[in-house]
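For reference, the chains in residue letters:
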Amino acid sequence: MTTMYAALLRGINVGGRRKVPMADLRALLTSLGHDAVRTHLQSGQAVFASAHGDEDSLAADLARAIEQRFGFPVDVIVRDHAYLEAVVEACPFPAAELEARQLHVTYFSAPVAEERFAPVDRAAFLPEEFRLGDRALYLYAPDGLGRSKLAEALAKPGVNKGVVATSRNWNTVTKLVELTGP
């Protein structure tokens, strides 16, 4: 039985650095034995079907293949359709009432505890807010991610130490559910 997955690549094709052409990424995923390979945008999303492996081993295999092919390391998170759909359903913010640029999800490579974010003074960043989910952080940034001071605080190395974290706007979050769906 095959499962549909999304691969989230962190920090590629940004500012002309760490270029990974989407056609090459599709070919790489196909060479790893995956089927129904598609990419979304140029910023590091791919979907594929696989009958073998778990999310962590699929991510490690893809990260290794990317480094061998392109010559630089890339952090990869792989999540299946059921997880991606659960993230959308569990959104603590009124997604239907917000612009996509106001709502983001940061996916983590492992579960994170609330204590990790204790140094972040939530009240100091209002009206921006965040809430934790299952290996995910939901960020409401009314002025967008580019102007978000809370996003800056949440991206500090001390906050994300020991986990891979990569963020996507709400349009991409929901598109990945669609692309991995039946």
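## Digging into the overall build of the chain
So, point 1. A tally of regular secondary structure across the chain gives six helices and eight strands.
So, point 2. Its C-alpha radius of gyration of 16 Å places the chain within 12% of the 16 Å reference for a compact globule of 182 residues.
So, point 3. Taking the principal axes of the C-alpha coordinates as reference, the chain spans close to 50 × 35 × 30 Å.
So, point 4. Evaluated residue by residue, the chain yields a buried proportion of 47% over its 182 residues.
So, point 5. Partitioning the contacts of the chain with sequence separation of at least 6, the portion at a separation of at least 24 is 69%.
So, point 6. For the chain, the computed accessible surface area is about 9,300 Å², with 51% contributed by carbon and sulfur atoms.
So, point 7. Here the chain carries 20 positive and 22 negative side-chain charges, and the mean point of each set is 8 Å from the other.

## Some details on the sheet that holds strand S5 (residues 103-108)
So, point 1. If you walk across this open sheet you meet the four strands as S6-S7-S5-S8, and the pairing is antiparallel. Only two strands of the sheet have a single neighbouring strand rather than two, namely strand S6 (129-133) and strand S8 (165-169). Taking the axes of each pair of neighbouring strands and ignoring which way they run, one obtains an average angle of 20 degrees across the sheet.
So, point 2. In this sheet, strand S7 (residues 136-140) lies alongside S5 in antiparallel orientation, the contact comprising five bridges. The partner of Val105 across the bridge, within S7, is Tyr138.

## Quick notes on the sheet that holds strand S1 (residues 3-9)
So, point 1. Taken together, four strands build an open sheet; the order of strands is S2-S3-S1-S4 and the sheet is antiparallel. At either margin of the open sheet sits one strand with a lone partner, and together these are strand S2 (35-40) and strand S4 (76-80). Along the sheet, successive strands turn relative to each other by an average axial angle of 20 degrees, direction set aside.
So, point 2. By the bridge criterion, six bridges tie S1 to strand S3 (residues 45-50) in an arrangement that is antiparallel. From the neighbouring strand, Met4 faces S3, where its bridge partner is Ala49.
So, point 3. Across the face of the sheet, helix H3 (residues 81-89) comes into contact with S1 and S4 while running at roughly 85 degrees to S4.
So, point 4. Across the sheet, helix H6 (residues 170-180) touches S1, S2 and S3, and the angle it forms with S1 is around 150 degrees.

## Concerning the pairing of S7
So, point 1. Among the five residues that make up S7, five are buried, leaving the element largely enclosed by the rest of the structure.
So, point 2. Of the pairings in the sheet, the one linking S6 to S7 comprises five bridges and is antiparallel in character. When the bridges of S7 are listed, Glu129 appears paired with Tyr140.
So, point 3. Once S6 ends, the chain turns through two residues before running back antiparallel as S7, passing Arg135 with a positive phi of about 55 degrees.

## Here's the deal with the environment of Met22
So, point 1. Its place among the elements puts Met22 in helix H1 (residues 22-31).
So, point 2. Owing to a relative accessible area of 4%, Met22 belongs among the buried residues under this scheme.
So, point 3. Separated by 50 residues in the primary sequence, Met22 and Phe72 have C-alpha atoms spaced 16 Å apart.
So, point 4. In this structure Met22 touches Ile12, Asn13, Thr39, Leu41 and Gln42, once residues within four positions along its chain are discounted.

Scoring rules and cut-offs
Residues numbered from 1 in each chain as written. Predicted model: local features only at pLDDT ≥ 70, side-chain atom pairs only at ≥ 80, totals over all residues. Heavy atoms only, no water. Helix = DSSP H or I, 4+ residues; strand = E, 2+ residues; numbered from the N terminus. Rg over C-alpha atoms; globule rule 2.2 N^0.38 Å. Buried < 20%, exposed > 50% of the residue type's maximum accessible area, 1.4 Å probe, protein only. Contact = heavy atoms within 4.5 Å. Areas by Shrake-Rupley, 256 points an atom, 1.4 Å probe, with all protein chains shown as cover. Lys, Arg positive; Asp, Glu negative; His and termini not counted. Charge placed at Lys NZ, Arg CZ, Asp CG, Glu CD. Pairing = 2+ DSSP bridges. Axes fitted to C-alpha atoms, helices over the stretch in contact; angles between N-to-C directions.

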